[in-house]
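# Topology and contacts: notes
Residue-level listing of the chains:
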Amino acid sequence: MEDTCVRSLLENLNRLRLHQADLISDVKDQIQRLEKNLLLFKTFLNESTEKREIPKKVIEDIREVVYKAEDAVDVYVSQALEKETEKYFRRASDPPAKLLDVVEEVESTAQRVQENFSRLLSESELLIGDASDRTPTQLQNLERNQGSSMRQDTVVGIEDETNKIIGYLIEETEKLDVISIVGMPGLGKTTLARKVFRHPRIEYEFPIRLWVSVSQVYRVKDIFLGMLRDLSWITEDMYDKTVQEIARTLHARLEKEKFLIILDDMWTTEAWDDLRHAFPIRSNKSNKILITSRSRVVGQAINPNRESHCLRFLTYEESWMLLRYLVFGHRNCPQELEVIERVIVDMCCGLPLLIMLVGGVLAKTASTGEMKVMQSSWKKVAESSKTFDYSDMEKRFQQIVLFSYNALPSNLKPCFLYLRMFPEDFEISSKRLILLWIAEGYIEQKTEISLEEIAKQYLEDLISRNLVMTDKLSTTGEIKICRVHDLIRDFCVTVAYEHYFQEIHGHGGEVHAYSISNLQRMRHIAIDFNNVINFISSQPYGPRVRSILCSLREEIILLPTNVSAIADAFKLTRVLDVRSIRFTRFPFYLTQLVHLRYIALTSDFKVLPEAISKWWSIQTIIVFTSSRVLEIKADIWKMVHLRHLKTNASVILQNAGAGGNGEKIQTLVNISPQSCTDNLFERAINLKKLGIRGQLTMLLDDKGGSTTFDNLGKLQQLEKLKLLNDLHIHPKEAKLPGLPPPHIFPKKLISLTLSYTLLGWEQMSVLGMLENLKVLKLKNDAFTGERWEAADGGFQQLEVLQIEYADLVFWEASSHHFPKLQHLSLRNCEELKALPFGLADILSLQVIDLHRTTKLAAVSAREIQADNKGRRLKLSIFPSYE
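Residues numbered from 1 in each chain as written. Predicted model: local features only at pLDDT ≥ 70, side-chain atom pairs only at ≥ 80, totals over all residues. Heavy atoms only, no water.

## Re the sheet that holds strand β1 (residues 177-182)
Ordered by their spatial adjacency, five strands build an open sheet running β2-β3-β4-β1-β5, and the pairing between neighbours is parallel. Each of the sheet's edge strands pairs with one partner strand only, and the pair in question is β2 (208-213) and β5 (309-310). As defined by bridge partners, β2 adjoins strand β3 (residues 259-264) across six bridges and the pair is classed as parallel. Bridge assignment links isoleucine 208 to a residue of β3, and that residue is phenylalanine 259. Contacts from helix α8 (residues 189-197) reach β1, β2, β3 and β4 (288-293), with the element oriented near 165° to β2. (Pairing = 2+ DSSP bridges. Helix = DSSP H or I, 4+ residues; strand = E, 2+ residues; numbered from the N terminus. Contact = heavy atoms within 4.5 Å. Axes fitted to C-alpha atoms, helices over the stretch in contact; angles between N-to-C directions.)

## Quick notes on the sheet that holds strand β6 (residues 428-429)
With antiparallel pairing, three strands are arranged side by side in an open sheet as β6-β8-β7. For this open sheet the edge positions go to β6 and β7 (469-473), each flanked by a neighbour on one side alone. For β7 and strand β8 (residues 479-483), the ladder comprises four bridges, and the chain directions are antiparallel. Bridged to methionine 469 within β8 is arginine 483.

## Some thoughts on a positive patch on the surface
Taken together, the side chains of Lys431, Lys480, Lys720 and Lys722 make up a positively charged region of the molecular surface. Structurally, the position occupied by lysine 720 is in strand β23 (residues 720-725). Take lysine 720: its relative accessible area is 34%, and that puts it in the partly exposed class. (Patch = residues over 30% accessible without salt bridge, like charges linked within 9 Å, V, L, I, M, F, W, Y side chains within 5 Å. Areas by Shrake-Rupley, 256 points an atom, 1.4 Å probe, with all protein chains shown as cover. Salt bridge = Lys/Arg side-chain N within 4 Å of Asp/Glu carboxyl O. Lys, Arg positive; Asp, Glu negative; His and termini not counted. Charge placed at Lys NZ, Arg CZ, Asp CG, Glu CD. Buried < 20%, exposed > 50% of the residue type's maximum accessible area, 1.4 Å probe, protein only.)

## Quick notes on the pairing of strand β12 (residues 524-527)
In β12, alternate side chains face the same way, and those of His524 and Ala526 on one face and Ile525 and Ile527 on the other are all buried. Of the strand pairs in this sheet, strand β9 (residues 501-504) and β12 are connected by four bridges, and their pairing is parallel. Each bridged residue has a counterpart across the sheet, and for glutamate 503 the counterpart in β12 is alanine 526. Where β12 meets strand β13 (residues 547-550), four bridges bridge the pair, whose relative direction is parallel.

## A word on the packing of aromatic side chains
What the rule picks out here adds up to 18 aromatic pairs. Taking the centre distance of 5.5 Å and the plane angle of 75° together, the rings of phenylalanine 197 and tryptophan 211 count as edge-to-face. Here the residue phenylalanine 197 occupies a position in helix α8, and tryptophan 211 occupies one in strand β2, the gap between them amounting to 14 residues. A ring pair is formed by phenylalanine 709 and phenylalanine 745, whose centres lie 5.1 Å apart and whose planes are at 70°; its orientation type is edge-to-face. (Phe/Tyr/Trp six-rings, centres within 6.5 Å; stacked < 30°, edge-to-face > 60°.)

## Here we look at helix α1 (residues 2-19)
Compared with an ideal rise of 1.5 Å per residue, which puts 18 residues at 26 Å, α1 spans 26 Å between its outermost C-alpha atoms and is within 8% of the ideal. Counted residue by residue, α1 has 13 buried out of 18 residues, so it is predominantly covered. (Expected span 1.5 Å × (residues − 1).)

## Focus on the side chain of glutamate 2
Relative to the elements of secondary structure, glutamate 2 occurs in helix α1. One polar contact links glutamate 2 to arginine 63, side chain to side chain, over a distance of 2.9 Å. Contact partners of glutamate 2, with chain neighbours within four places excluded, come to Leu45, Ile59, Arg63 and His499. (Polar contact = N/O pair within 3.5 Å; in protein donor to acceptor, adjacent residues only side chain to side chain.)

## As for the pattern of salt bridges
Tallied over the full model, the rule gives 51 salt bridges. Between aspartate 177 and lysine 288 there is a salt bridge whose closest N-O contact spans 3.0 Å. Note that aspartate 177 is positioned in strand β1 and lysine 288 in strand β4, a separation of 111 residues in sequence. A relative accessible area of 6% places aspartate 177 in the buried class. With a relative accessible area of 0%, lysine 288 lands in the buried category. Between arginine 276 and aspartate 273 there is a salt bridge whose closest N-O contact spans 3.6 Å.

## Quick look at the packing of helix α16 (residues 352-366) against helix α18 (residues 393-406)
Orientation of α16 relative to α18, taken along the N-to-C sense of each, is 15°, at an axis distance of 9 Å. Put simply, α16 runs roughly parallel to α18. Our pair here, α16 against α18, has a crossing hand that is left-handed. On the side of α16, the interface is formed by Leu353, Leu354, Leu357, Val358 and Val361, while α18 contributes Arg396, Phe397, Ile400, Val401, Phe403 and Ser404. (Parallel < 35°, antiparallel > 145°, perpendicular 65-115°, else oblique. Left-handed = near helix turned anticlockwise from the far one by under 90°.)

## Here we look at the nonpolar core
Residues Leu690, Leu767, Trp788, Trp811, Phe818 and Leu835 are the most contacted members of the largest nonpolar core, which totals 148 residues. At ten residues, the largest contribution of residues to this core is made by helix α3 (residues 56-81). Here leucine 835 is in contact with Leu824, Leu826, Ile848, Leu850, Ala857, Ser860, Ala861 and Ile864, once residues within four sequence places are set aside. By size, the runner-up hydrophobic cluster in this structure holds 95 residues, among which are Leu192, Ile340, Ile400 and Val495. (Core = buried A, V, L, I, M, F, W, Y, C linked by side-chain atoms within 4.5 Å.)

## Concerning helix α17 (residues 371-384)
The end-to-end C-alpha distance of α17, which contains 14 residues, comes to 20 Å, matching closely the 20 Å that a straight helix rising 1.5 Å per residue would cover. Of all the positions in α17, only Val373, Met374, Trp378, Val381, Ala382 and Ser384 are classed as buried. The arc that holds the buried residues of α17, viewed along the axis, is 165°, so those residues lie on one side. Set apart from the buried face of α17 by more than 90 degrees, the exposed residues are Lys372 and Lys380. Tucked into the core, α17 has its buried residues touching α14 (316-328), α15 (338-347), α16 and α18. (Arc of directions from axis to C-beta.)

The structure is reproduced here in structure tokens:
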């Protein structure tokens, strides 16, 4: 953790030297002295941890002085860029120290570290031992464990439990039936509920299936709105309605079809009383609600007529099977480890979560294949059980999580603790998390692999250690949403506080006093409190805060009068993710946050002013706006650290001036056609994802024998392309006349999305010839016409085909037209007569997902499934057309 702080500051100093040399010219000597000692810290932390545990006091001294140095450097830069900030820092009761004073303090600490370092080096021959005892490097571990991210989905010993719950759910009862799964934390209540929720029989039986995370802290309105969103039954005015009005709307929608609702993590009967009036009681004899709770009392109180299903502990045999699979997969455990293995199984007491955590630690050593390493690590785990408190199960959980945390490589520890920035049971977007980690400086560039790919590997590593759970996958099998178990998050909250993470709480519209009492010490704050305006009005002051995440479950509107308080209170902010707050116009005061690396806003404005050029370190800009067009007045090519620019609007960019380049830019979404100039394609040489929104016919206009689209071929690294046609601009002229020939498209294109392009189905033959295309998403009348006859020789690499809102009636195709297809999704194709039966011969086909198609299409899909030649083909149909 501390080595990440040191490295992050060194990288920041290097960026200043390269891109803001004039700002630090007056303190050049101090910066050099600082760098020299930071390099000593880095060497000490890296070398010493391989030889023996570093004294805690030394670690704390390094961390505190590095934080002071980071503050002093950032304050100096702020004062150089914004002279007005001097009055801001006078507000602090303990203002950040002057740079020179801090440099001297760093040197003093470095002397003490040097003494420890010399002592450790002199003892190294005795402590290092044989080189074969060392664990492999972190990057080697990452490479070995790629593809293991889904192992935590493996469940052992709950097949009988699953069958019981499914039996309860398909019973007919006189009225709405509520079934409860109860048990202590870590027994697998949510795992069981999720297995049932995704079971093919349940998907078939219930046209409506909703998953709701209730948790200890909840808002009824947020839960109801979330359910309506999942039902695609929500309108903008719904957010302004009362809870009672929203409940009536939800009640009316649920009356229409048979439903199953999972209410996960229900703590009290009061929560049920708050929610129950939205659920129809007698509309359908087969409607079910399944709750999970730690309390048997809660389950019995909600439905006195049905005994709660008490989840049992795993047997010794089941525990042994689960641990062995987590560590060795389908391989046998070496005989040398079997005795220790029995001790470890005993210490987990049949609790699946404990077995998962311990298995995550042991799996890393098993991946080395070196017996000495495995024996040493396994003995440590077994011996650690002697210190566990077996009388207090929750305390034992924390001890095992601590053991797992201590086993993490140092670079993964800050990434793991950062998960406490999200609320309990929060659905964490993997893409969002990865960009946040990068902005925080947690990801180190060591190889030719991009920061984003390294961060993705970090996430996979945490998942393979069972510290993070995969919740949802994309159609391509990548991690889309992840979660953290409540008990693991509790540990993160405790440990992260020592590293100056703070959550802002509130109740009844008031901010808890303890939430802001230590704010001046904090470096990361998470706001999970809907009355943000009250928090801002309380005049908070966080002179050391580097990141602010606001994860509200309901969008709120922030007036311009409140915006200045954010800039005044948190001047050194690097990460500002306030996407759940709507700004009525651009918050100009935020341009004073000159250290910003990541910003995510929701807004009504149409312009990003030239003043955002002050964000000299910006890496990620995300803007959700109600406007169809967003004009960026700043020259983004001079934002030398910019990696990702994302917005839902059509972006108009300024013509590039002299200087600057776009070599770090990887994402541009959504750029207007008029901004797709030669300059853009020549500068964004490493662009991987491009979205273009607007009147797409402009891309195909002939300009002296060439078109704008021809320039896309210059993007040699482009992998994902989205083309969104805005029909409202010139509806009659919006239809694309056709597609350019295949050789014009970028060579590395893997994923293509088209929307409102109104192409004829004969144009699909062009896309079929894209050699590397694996994902094709056709949305909102991307193609129109009654008949699609697939052409021979195309789509040889296509794995995912998604068609939404199409008027397609007849589709003719055989297996050789899509030889590698894995996932087929058809949504709102409400005239389709049938799926081509030839799809049954595609050996790779795994999933067919039909949503609001025709009954005939559903019948043909079932015929394809029945003729799947022994393969496991998952079929999802809504409505089910029983």
